[in-house]
Amino acid sequence: MPSVEGMRSQLLQRTRGDKYIWGIVILLALISVLVVYSATGSLAYKMSRGNNEVYLFKQLAFMVMGMLIIYFLHRVNYTIYSKVAMILFMISIPLLIYTLFFGAKINEGSRWIKLPIINMTFQTSDFAKLALFMYLSRVLSKKQEVIKDFKKGFIPALIPVLLVCGLIMPANLSNALLTGATSLLLMFIGRISLKHIFLLILIAMIPVALIVSVAVLTYDGKKKEKDIHNTIAEKSVSFGRFGTWVKRVQDFVYAKDTETPYQVQQAKIAIANGGILMGLGPGNSRQRNFLPQAYNDFIYSIIIEEYGLLGGAFIIFIYLLFLYRCISIFRRCPYAFGAFLALGLSFTLVIQAVANMAVNVNLVPVTGVTLPLVSMGGSSFLFTCGSIGIILSVARNVEQLEGRAEPVVQPVTTNESVTSKIVQS
Amino acid sequence: MDVKRDILWRVYLSYIVVAIVGLVIFGKAVYIQQVQGKHWRSLSDSLHQKIVEVDAERGTIYSEDGQMLSTSIPQFDVYIDFAADGLREKNGKRFKENIDSLSYCLAGLFKDQSALAYKRVLQQGYVDKDRYFLLKRNISYRDYQQLKSFPLVRLGKNKSGFIAEDKSIRLNPYKNLAFRTIGLARDSFKVGLEMTYDSVLKGKSGNRLVRYIAGGVSVPVEGGYESEAEDGKDIVTTLDVFIQEVAEEALMKEMIKNEAEHGCALVMETKTGKIKAIANLGRRSDGNYYEDFNYAISPTEPGSTFKLATMIALLEDKKVSLNSTVNLEGGTWKVADRTVFDSEKHGRYEVTVKQAFELSSNVGMAKLALFNYGSAPSQFIRHLHQLRMDTLTGIDLTGERSPVIFKPGSRFWSATTLPWMAFGYNILVSPLQTLTLYNAVANNGVMMRPYLVSTIKDQGVALREIEPRVVDEKICSEATLKQLKECLEGVCTEGTAKELFKGSSYKVAGKTGTALVANGSRGYEDHIYQSSFAGYFPADNPQYTCVVVIKNKPFAQVFYGASVAGPVFKEIADRLYTTFVKQSNYASQKNIRKDSSVFSYAGYGTDVKDVMKSLSWNFKDSSGIDMDWVNVSARNGSVVVANRKTDVNKMPLLKGLGLKDAVYVCEEMGLKVDVKGRGRVVEQSVLAGQSIAKGQMIKIILN
């Protein structure tokens, strides 16, 4: 009978992969608990009559769940993910279609579906994105020999991207654009011909240019501004969320102090409230009461408010460090799929983080992107944990190959011997 | 490994791009915070911080006996936001499920509309999506607490859309009682004591800097400047609820009887000048009477009660003595080109000055004034000045208006001014001034300033006591005073008020007044009489001075001072006398000879009969079947059971009752009981048959 102490040391011994990445994940999780606990104050007040701990425990539960996912995924030999990627991708397409037509509508966009058994809503695009990037890594690694070829290299990589982005776009344009941009970056890294990439960018720009031009053309100065927003919003009902996009672009381009969207205004106030070195201190945010989604999309503003610019810089630093560590995994990984997997998933994650922070400081228009690992838990948090689990799985293999890895196999359980066999194969 | 290297530079390039974006983000954050920071922070303050006024609680006005006359209580206006998300979510499920039970509860609580009617208005509001639907105004705290427990409402503001706005309103627990004097604390135009002592009562509202947080709740900002609200002070008036009630009831009764236009009754404590009661009633268009104006401090032509001032002047200057004679000319006398009429026909000619006063002869007074002061009218005016008839009394009540007394040489002065002034015309004096003058006579020549507030209190601790103030140590010589008293007592024994006080057990000194008053531009054509009575009691040891002034309707049947204002005075005097003055009468009752064959007991009807039956006593039952209270007494040798029911407003005989029964009877009638001794009631401070008022105190002694 292994003692508790024994079990713990066993667990620790079996926890492999890059120590820095583990550290970063745990650090971000801790920050997340602190900030989310603080930022859910007003939500807790409204929803559960001041019982703030509800959200704290919810977040902690997500943390535990996320860590378990990371642990189990990193124990799996990453080569399996090649097949898994294909299966997941196959599942994700019908799922996206289903969501588009039957999903729960929030703000006109149907992005969510409810899982029947565990009764949890999740954004199918998160799932699809993970599947897409895994699948893309697979395609890019497999096609390296013919990668410069339009038909044999470019098209097989392009088709899954177009499918996923096209299906996400009607409900969530910004997310589709972000996914598309990340995919382009991965294609660039994956040595797809620059010619093809620029061609793709050109085509992708068409809808964006359309929205921006409509926004610019219909924006008719200050006076009629309100009417125009209304009329466009009314007219564009048939175009789904077209009106919302136009309005957002207009808000962003023509924003004056008084007209700044409420969220942006409040986020800026939050940033202004924090100092350089020290913010208002943990749990002392004032803007959490006014900033919608303070615990989610706008958590970065709250971090700056509570921990100052230093805290904000630290978060950026951590994500860059994470990316750097993933690059080092890529460098050390001899197999193309593992290398691409590590790169693809880490870039995705960091780009999402950067996008979130850019929204917070109003560099780009408001989009609903979470800050990976920090925003309040939910399906996206779990999918992020999945990505990290897979990256760590690659890292664990790299370590193993470099000979530093797997210590003397403990004699006992059968389960373990099976695992080590897979590892050795 | 060419491929790997090719990939690697791409990766590093991408990494650098990401890092640069990271730097830009950080730079933008620095820009927002350091460059624009001030702007955003000030915007935050303007959006989320506010200086709110913290209301100070207004002080309470108490009567002298500690009853609240005017106090602040919270009240609520209840609105419904029918567009509240919680109410409308799931297609209005919550609203639809609760509307029936809520309507039922509302109808039960407010009892002003049926449940169906409530349901209809609520549904209409829901359909209209009214965001600020007024459900009910001015709900008391107790009703509001109940309302909060109703279905839907108890789910809270977000789910029910119910909004309650609280406010503080002024409540006069005694409603109409001295209402005009206590005053109104409305924002626009305050009157009465609420106005006079506004600065004391209102306190000081404070300021507080608050920051709004979730759910529309505000919290004080630490370190934000604030000043505490300072609650208003309480004031204790000299008014006595019982005396006020007596005065008001007596006045009201007579006003209704005569359909009089308006009237007032004032009671002053002789030795101090404390106003114990000040009742003002005006007739409203619907025929009801209401405290609509402070008539007591508004000058009018006083009429005959002013003759006291004329007498003081004549006697002080020793122009006449009480026994000097004056010819009344049968009640009609022509002077200059006008005629003086005596309002009460007497047909007398040669009488003494005292008699002229007692008969309230206008001719007599006009003649005496004209003959004695005709050559030097300012001498007469100087007397009026010394008696302070030309100045305000200085009562602590805003709104007292200046009297008008013409002076020789003024353009209003004519040959008839002086003689008319002598009997109270061509002059404007307020009832309160008349009261002050009569009180000075009652108080042995010491004129007291009338006042209404005796103490200013803060949290029950007296901050300032206001002492009685003497305004004139001696208004006239001792000799004059003696003569004046003789005259005033004479009025009640020999003169115009003879009938009124016939058989009174105590002596009253006073003066009637009947004045024909001008009705605006119509002059004296409408025959509107102002009846008044001013006096004090008991005459040999004055305790209270009282003035009653009633303005009658045009062409009233009864208008003499003695028959309109007089009865009011008498009722007030009677009741004050029995309650406060007369304490010595017990002694005379005690000496009644005991007769053991006479007995009188009282008890609960059925019980008494049961007792009699079980003792097999024969008795005559003259009580009804269902009489609760019966009296068992010996009558011509046999036992009689008779019912004890008495008039509800009259004091019943308590003698012979046990304590339980006596208290029951008294409290049933709204009396407060003070008990001494044990056994059966032998004495009661309010005698049987006297009319009583609710809240009155009665002392009973048991033995």
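The structure under discussion appears in the preceding block.
Considerations on the overall build of chain A
Alright, step 1. For chain A, the helix and strand inventory stands at 16 helices and three strands.
Alright, step 2. Per-residue burial for chain A yields a buried fraction of 55% across its 425 residues.
Alright, step 3. Nonlocal contacts in chain A, meaning residues at least 24 apart in sequence, comprise 73% of its contacts between residues at least 6 apart.
Alright, step 4. Of the accessible surface of chain A, which amounts to about 19500 Å², a share of 68% is contributed by carbon and sulfur atoms.

With respect to the overall build of chain B
Alright, step 1. A count of helices and strands for chain B gives 21 helices and 31 strands.
Alright, step 2. The 703 residues of chain B split such that 51% are buried.
Alright, step 3. Of the roughly 33700 Å² that chain B leaves accessible, carbon and sulfur atoms contribute 51%.

A few points about the interface of chain B and chain A
Alright, step 1. The interface of chain B with chain A comprises 41 residues on the first partner and 49 residues on the second.
Alright, step 2. Across the chain B/chain A interface, buried area totals approximately 3900 Å², and carbon plus sulfur atoms make up 71% of it.
Alright, step 3. Taken as a group, Arg10(B), Tyr15(B) and Trp40(B) account for 16% of the area that chain B buries against chain A, more than any other trio of residues on that side.
Alright, step 4. The tally of links between chain B and chain A comes to one salt bridge.
Alright, step 5. Here chain B and chain A share 11 residue pairs in polar contact (both at pLDDT 80 or more) between them.
Alright, step 6. Elements represented by at least two residues in the side of chain B that touches chain A include exactly helix 1 (2–35), helix 2 (37–48) and strand 6 (206–213) of chain B.
Alright, step 7. Of the residues contributing to the side of chain B that touches chain A, the split by class is 25 nonpolar, 10 polar and six charged.

Notes on a nonpolar patch on the surface
Residue and element names in this part refer to chain A.
Alright, step 1. There is a patch of nonpolar side chains on the surface, built from Phe150, Leu199, Leu202, Ile203 and Ile206 and spanning about 510 Å² of accessible area.
Alright, step 2. Here Ile206 shows up in helix 9 (residues 194–218).
Alright, step 3. Note on Ile206: relative accessible area 56%, which makes it exposed.

Focus: the sheet that holds strand 31 (residues 697–702) of chain B
Residues and elements named next belong to chain B.
Alright, step 1. If you walk across this open sheet you meet the three strands as 29-31-30, and the pairing is mixed. Looking along the sheet, the strands with just one partner apiece sit at the ends: strand 29 (672–677) and strand 30 (681–684). For this sheet, the mean angle separating the axes of adjacent strands, direction not counted, is 25 degrees.
Alright, step 2. The sheet contact formed by strand 30 and strand 31 spans three bridges and is antiparallel. Looking at the pairing, Gln684 lines up with Ile700 of strand 31.
Alright, step 3. Each of strand 29, strand 30 and strand 31 touches helix 21 (residues 659–668); the most contacted strand, strand 29, lies at about 160 degrees to it.

Examining the side chain of Asn362(B)
All names here are of chain B.
Alright, step 1. With respect to the secondary-structure elements, Asn362 resides in helix 13 (residues 362–373).
Alright, step 2. Asn362 gets classed as buried once you look at its relative accessible area, which sits at 4%.
Alright, step 3. Each residue touching Asn362, except ones within four places of it in the same chain, is listed here: Ser304, Lys307, Val340, Phe341, Asp342, Ser343 and Phe423.

Examining the pattern of salt bridges
Residues and elements named next belong to chain B.
Alright, step 1. Under the defined criterion, the tally for this structure stands at 25 salt bridges over all chains.
Alright, step 2. Arg58 is the salt-bridge partner of Asp198, the closest N and O atoms lying 2.9 Å from each other. One end of the pair, Asp198, is in helix 9 (residues 198–202); the other, Arg58, is in the loop between strand 1 (49–54) and strand 2 (61–62), and 140 residues separate them in sequence. No difference in accessibility class separates Asp198 from Arg58, as the two residues are buried.
Alright, step 3. By sharing partners, the salt bridges in this structure join Arg58, Arg170, Glu194 and Asp198 into a single network.

A closer look at unusual backbone geometry
Residue and element names in this part refer to chain B.
Alright, step 1. Here the amide bond leading from Phe537 into Pro538 is cis, since omega sits at -20 degrees, within 30 degrees of zero.
Alright, step 2. Within the secondary structure layout, Pro538 lies in the loop between strand 23 (528–537) and strand 24 (544–551).
Alright, step 3. A positive phi angle, close to 55 degrees, is found at Lys111, a residue other than glycine.
Alright, step 4. Mapped onto the elements of the fold, Lys111 is located in the loop between helix 3 (85–110) and helix 4 (115–128).
Alright, step 5. A relative accessible area of 68% places Lys111 in the exposed class.
Alright, step 6. If you check the backbone angles, Leu152 has positive phi at about 70 degrees while not being a glycine.
Alright, step 7. Of note, Leu152 is situated in the loop between helix 5 (141–147) and helix 6 (157–160).
Alright, step 8. The class of Leu152 is buried, set by a relative accessible area of 3%.

Some details on the environment of Gln266(A)
Alright, step 1. By secondary structure assignment, the location of Gln266(A) is in helix 12 (residues 262–273).
Alright, step 2. Spatially, the C-alpha atom of Gln266(A) lies 8.5 Å from that of Pro292(A), the residues being 26 residues apart in sequence.
Alright, step 3. What Gln266(A) contacts, discounting residues up to four positions off in sequence, is Gln287(A), Phe290(A), Leu291(A), Leu47(B) and His48(B).
Alright, step 4. Side-chain polar atoms of Gln266(A) contact the side chain of Gln287(A), separated by 2.6 Å.

Brief notes about the environment of Pro403(B)
Residue and element names in this part refer to chain B.
Alright, step 1. With respect to the secondary-structure elements, Pro403 resides in the loop between helix 14 (377–386) and strand 16 (404–405).
Alright, step 2. Sequence-wise, Pro403 and Ser430 are 27 residues apart; in three dimensions their C-alpha atoms are separated by 6.8 Å.
Alright, step 3. With residues up to four places along the chain from it excluded, the contact list for Pro403 reads Pro299, Met389, Asp390, Thr391, Leu392, Leu428, Val429 and Gln433.

Notes on the sheet that holds strand 11 (residues 289–290) of chain B
All names here are of chain B.
Alright, step 1. Pairing in this open sheet of six strands is antiparallel, and the strands run 11-10-9-24-23-22 from one edge to the other. Single-partner strands in this sheet number two, and they are strand 11 and strand 22 (509–517).
Alright, step 2. By the bridge criterion, nine bridges tie strand 22 to strand 23 in an arrangement that is antiparallel. Looking at strand 23, one finds that Val517 is bridged to Ile528.
Alright, step 3. Running over the sheet, helix 10 (residues 241–258) touches strand 9 (262–269), strand 10 (275–283), strand 11 and strand 24 and is turned about 25 degrees from strand 10.
Alright, step 4. Set on the sheet, helix 17 (residues 478–493) makes contact with strand 22 and strand 23; between it and strand 22 the angle comes to about 75 degrees.

Regarding the environment of Leu209(B)
Alright, step 1. Looking at the element boundaries, Leu209(B) is found in strand 6.
Alright, step 2. Residues Leu209(B) and Gln49(B), spaced 160 residues apart in sequence, show a C-alpha to C-alpha distance of 6.9 Å.

What about the packing of aromatic side chains?
Alright, step 1. Inspection of the entire model under this criterion finds 29 aromatic pairs over all chains.
Alright, step 2. An angle of 80 degrees between the planes, with centres 5.6 Å apart, marks the rings of Tyr71(A) and Phe72(A) as edge-to-face.
Alright, step 3. We classify Tyr71(A) as buried; its relative accessible area is 12%.
Alright, step 4. Using a relative accessible area of 52% as the deciding quantity, one classes Phe72(A) as exposed.
Alright, step 5. Residues Phe533(B) and Phe569(B) carry aromatic rings whose centres are separated by 4.6 Å and whose planes lie at 45 degrees to one another, so their mutual orientation is tilted. One end of the pair, Phe533(B), is in strand 23; the other, Phe569(B), is in helix 18 (residues 561–581), and 36 residues separate them in sequence.

Quick notes on the rules
- Per chain, the residues get numbers from 1 upward, laid out in the order the sequence is written.
- Working convention: letters from A go to chains and numbers from 1 go to ligands, in the order in which they are written.
- Thresholds applied to this predicted model are a pLDDT of at least 70 for local features of residues and 80 or more for the giving and counting of side-chain atom pairs; totals over whole chains, interfaces and linings are not thresholded and use all residues.
- To obtain the side-chain values, all non-hydrogen atoms of the structure were used and water was disregarded.
- Counting from the N terminus, the helices are DSSP H or I runs at least four residues long and the strands are E runs at least two residues long.
- Classification of residues uses two cut-offs on accessible area relative to the type maximum, computed with a 1.4 Å probe and protein chains only: under 20% is buried, over 50% is exposed, and between them is partly exposed.
- The contact criterion used throughout is that any non-hydrogen atoms of two residues lie within 4.5 Å.
- Throughout, the Shrake-Rupley method with a 1.4 Å probe supplies accessible areas, and for residues the shown protein chains are the sole cover considered.
- We define buried area as the total accessible area lost by two parts upon association, computed with a 1.4 Å probe and summed across both.
- Every case where a carboxyl oxygen of Asp or Glu lies within 4 Å of a side-chain nitrogen of Lys or Arg is listed as a salt bridge.
- Here a polar contact means two N or O atoms within 3.5 Å. Within protein one must be a hydrogen donor candidate and the other an acceptor candidate, and residues neighboring in sequence count only if both atoms are side-chain atoms.
- Each residue receives one of three labels: charged for Asp, Glu, Lys and Arg, nonpolar for Ala, Val, Leu, Ile, Met, Phe, Trp, Tyr, Cys and Pro, and polar for the others, Gly being one of them.
- Residues form patches when they are more than 30% accessible in relative terms and have no salt bridge. Like charges link within 9 Å. Nonpolar side chains (Val, Leu, Ile, Met, Phe, Trp, Tyr) link within 5 Å.
- What makes two strands pair is DSSP finding at least two bridges between them.
- For helices, the axis comes from a line fit to the C-alpha atoms of the stretch in contact; other axes are also lines fit to C-alpha atoms, and the angle between any two N-to-C directions lies between 0 and 180 degrees.
- Side-chain rings of Phe, Tyr and Trp (the six-membered ring for Trp) are treated as a pair once their centres are within 6.5 Å; stacked means planes under 30 degrees apart, edge-to-face means over 60, and tilted covers the remaining angles.

Spatial relationships are all this shows, so hold off on functional conclusions.
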